[in-house]
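The lines below spell out each chain.
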Amino acid sequence: MQKFHLAQVNISKLLEPIDSPLLADFVAQLVEINALAEQSKGFVWRLKGENENATALRVFDDEMIIINMSVWESIEDLKEFAFKTAHANVMRGRNKWFAKPTEAMLALWWIPENYTPTPQDAKERLESINKNGATPFAFTFKDVFLPFH
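Keep in mind it's a predicted model, so treat the numbers as computed, not measured. (Residues numbered from 1 in each chain as written. Predicted model: local features only at pLDDT ≥ 70, side-chain atom pairs only at ≥ 80, totals over all residues. Heavy atoms only, no water.)

1. Things to note about the overall build of the protein
Alright, step 1. Broken down by element type, the protein carries 5 helices and 4 strands.
Alright, step 2. When the elements of the protein are put in sequence order from the N terminus, they spell out β-α-β-β-α-α-α-β-α.
Alright, step 3. Whereas a compact globule of 149 residues would reach a radius of gyration of roughly 15 Å, the protein reaches 15 Å, a difference of no more than 12%.
Alright, step 4. Across its three principal directions, the C-alpha atoms of the protein cover 50 × 35 × 25 Å.
Alright, step 5. Per-residue burial over the protein gives 42% buried out of 149 residues. (Helix = DSSP H or I, 4+ residues; strand = E, 2+ residues; numbered from the N terminus. Rg over C-alpha atoms; globule rule 2.2 N^0.38 Å. Buried < 20%, exposed > 50% of the residue type's maximum accessible area, 1.4 Å probe, protein only.)

2. Brief notes about the layout of surface pockets
Alright, step 1. One number sums up the size of the largest pocket: a volume of about 770 Å³.
Alright, step 2. Taken together, 33 residues make up the lining of the largest pocket; nearest its centre are Gln8, Asn10, Asn68, His87 and Met91.
Alright, step 3. Looking at the lining of the largest pocket, the elements with two or more residues in it are strand 1 (4–13), helix 1 (24–39), strand 3 (65–72), helix 2 (75–84) and helix 3 (86–92).
Alright, step 4. For the lining of the largest pocket, the class distribution of residues is 21 nonpolar, 10 polar and 2 charged.
Alright, step 5. Roughly 470 Å³ of volume is contained in the second largest pocket.
Alright, step 6. Lining the second largest pocket are 19 residues; nearest its centre among them are Ile11, Ile65, Pro101, Glu103 and Ala104.
Alright, step 7. Where the lining of the second largest pocket is concerned, the elements lending two or more residues are strand 1, helix 4 (94–97) and helix 5 (119–132).
Alright, step 8. Looking at the lining of the second largest pocket element by element, the count peaks at 4 residues for helix 5.
Alright, step 9. Of the residues contributing to the lining of the second largest pocket, the split by class is 9 nonpolar, 4 polar and 6 charged. (1 Å grid on protein atoms, 1.4 Å probe; cavity = no way out; pocket = protein on both sides within 12 Å on 5 of 7 lines; lining within 4 Å. Points joined across faces, edges and corners; volume = space filled by probe spheres on them. Nonpolar A, V, L, I, M, F, W, Y, C, P; charged D, E, K, R; others polar.)

As structure tokens, this is what we get:
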């Protein structure tokens, strides 16, 4: 029987360039939070650029949009990391650094356990949520779907 992992993408639109003083607080936490993710139960993979995080990768036409992608063994493992670790403190500060979203900024989807998702996969999942709401193809923590075979 095929085993599935949970892929996630979240994007944010910066209020100022990543190297601005406004973002210094956020940038200063990246190494610690990424290391925490990699040491967390159920962590499988995360998108990285040359600087060991994904902030320099430009996936969207708007260069002020940054992307974060990762893969987890289960939705429970991702929830534990996202909401019950130091990562939650970073999320609480997001209004200082990022514009208020007008479209979906998070998408979750199931992948075969040995598949590495691409930024293009992530864009398609976000577009799907914006167009269709939560579906088995792309969903959120609020409307979770089980893996389909």
